[in-house]
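Here are the chains, one letter per residue:
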Amino acid sequence: MKRIRFEDKYNAEYIIQEYKNGRTTKSIAKELGTYNTSIRRFLLRNNIVPRDPSEALKTVKDTVFTCMSEEAQYWIGYIIADGTIGNKDNLISLSTVEKDKDHLNKYSIFTGAKIHKILNKRFNLYEYRVSFKNKTLKEWFVSQGITSNKSFNIKLEIPLTASIVRGIFDGDGYVSKAGDTIEIATASIDLVLQLHNYFLSNNIHTTFSKANTSSVYILRICKLKEREKFFNLIYKDASIYLKRKYDRIYAPLFGNL
């Protein structure tokens, strides 16, 4: 009895296209009524190396940040400020408090990872968190200077942009109630210098100093004309930002909203 070749029984072009579109060998095999191993052998015969199972299970695409779109840059900045990069695992996590849940939901949509409500036992309050594991992205963040110990030793290997700075500000920034002082806090001397030089290159005068009671550096923008330039720099054509901070800066500069 003549053996029927796999390529004669199944549509080879369809299998290759479906696999390249992100489907797993297991799901393709189930649809076609064959074995997962058969699909994997077929791909190898066609010079396509099947993805590692852990890669196939990724919920977040490798290019979601590395494409460096405006939104990607913004969330990179936010992760620099408030995110966590795993040390021994490939976890990338971002958390917010209750009042910023809707904002974090935008990040959840951006990455495709789910948002979860978590009890922070240390402070006895609920926070919202988006976490996922991705080895490729974790290694990319580390290569850009955004490591598990980023709070103290971050030194960015990518140029600062208005969107990255806006993300950092929304995570680690502060605006006084009167709106007359804008601050960004960081424990990294390298990052505060990078921010200072970035603002200087955009003709914005800032000062920074070390807080008396901690190891944190505070970068400040106080003068009216400097705050105007800051606003115009980081919010020009911006499609994403934390509205409560935007409003607090806007009101004393241009009147009530």
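I will try to describe carefully the structure that is included in this document. Along each chain, residue indices are assigned from 1 in the same order as the chain's sequence is written. The predicted nature of this model means local features are confined to residues of pLDDT at least 70 and side-chain atom pairs, given and counted, to a pLDDT of 80 or more, with totals for whole chains, interfaces and linings taken over all residues. Hydrogens and waters are ignored; side-chain quantities use all the structure's heavy atoms.

1. Overview of the pattern of salt bridges
- By definition here, a salt bridge exists when the distance from a side-chain nitrogen of Lys or Arg to a carboxyl oxygen of Asp or Glu is within 4 Å. According to the stated counting rule, one finds six salt bridges in the structure shown.
- Residues K243 and D247 are paired through a salt bridge, measuring 2.8 Å at the closest nitrogen-oxygen approach. Residue K243 and its partner D247 are both found in helix α14 (residues 243-254); the two are separated by four residues, about one turn of the helix.
- Among the residues examined, D247 registers a relative accessible area of 19% and is labelled buried. What counts as a helix is a DSSP run of H or I of at least four residues, what counts as a strand is a run of E of at least two, and both are numbered from the N terminus. Type-normalised accessible area, obtained with a 1.4 Å probe on protein chains alone, sets the label of each residue: buried when under 20%, exposed when over 50%, and partly exposed for intermediate values.

2. Some points on the sheet that holds strand β2 (residues 91-97)
- A pair of strands counts as paired when DSSP detects no fewer than two bridges linking them. In spatial order, the strands read β1-β2-β4-β3; together these four strands make up an open sheet with antiparallel pairing. Every interior strand has two partners, whereas the edge strands, β1 (83-85) and β3 (115-120), have only one. On average, each strand axis in the sheet is inclined to that of its neighbour by 30 degrees, with strand direction left out of account.
- Of the strand pairs in this sheet, β2 and strand β4 (residues 125-133) are connected by seven bridges, and their pairing is antiparallel. Counterpart to T96 in the pairing with β4 is Y128.
- Where helix α7 (residues 70-82) meets the sheet, its contacts fall on β1 and β2, and the angle it forms with β2 comes to roughly 80 degrees. Note on geometry: axes are lines fitted to C-alpha atoms, helical ones only across the stretch in contact, with angles between N-to-C directions running from 0 to 180 degrees. In what follows, residue pairs with any heavy atoms lying within 4.5 Å of each other are defined as contacts.

3. Considerations on the nonpolar core
- Put simply, a nonpolar core is a bunch of buried Ala, Val, Leu, Ile, Met, Phe, Trp, Tyr and Cys residues held in one set by side-chain atoms that sit within 4.5 Å of each other. If you look at the biggest cluster of nonpolar residues, it comprises 54 residues, and the most contacted ones within it are F65, Y107 and F199.
- Membership of the second largest hydrophobic core comes to eleven residues, among which are F6, I15, I16 and A29.

4. A look at the packing of aromatic side chains
- Pairs were defined over the aromatic rings of Phe, Tyr and Trp, the Trp ring being its six-membered one, requiring ring centres within 6.5 Å. Orientation was assigned from the angle between planes: stacked under 30 degrees, edge-to-face over 60, tilted for the rest. All told, the structure shown has 20 aromatic pairs when counted by the stated rule.
- Ring geometry for F231 against Y235: centres 5.0 Å apart, planes inclined by 45 degrees, an arrangement best described as tilted. A residue pair is termed a helical-turn pair when its members lie 3 or 4 positions apart in one helix, as F231 and Y235 do in helix α13 (residues 224-235) at four residues. Neither residue differs from the other here; F231 and Y235 are each classed as buried.

5. So, the sheet that holds strand β7 (residues 207-210)
- Ordered in space as β5-β6-β8-β7, the four strands form an open sheet in which the pairing is antiparallel. The sheet is open, and its two borders are formed by β5 (173-175) and β7, each paired with just one other strand. On average, adjacent strands in this sheet sit at an angle of 25 degrees to one another, irrespective of strand direction.
- As paired elements, β5 and strand β6 (residues 182-186) share three bridges and run antiparallel to each other. For Y174, the partnering residue across the bridge sits in β6 and is E183.
- The strands that helix α12 (residues 189-201) touches are β6, β7 and β8 (217-221); relative to β8, the one it contacts most, it runs at about 15 degrees.

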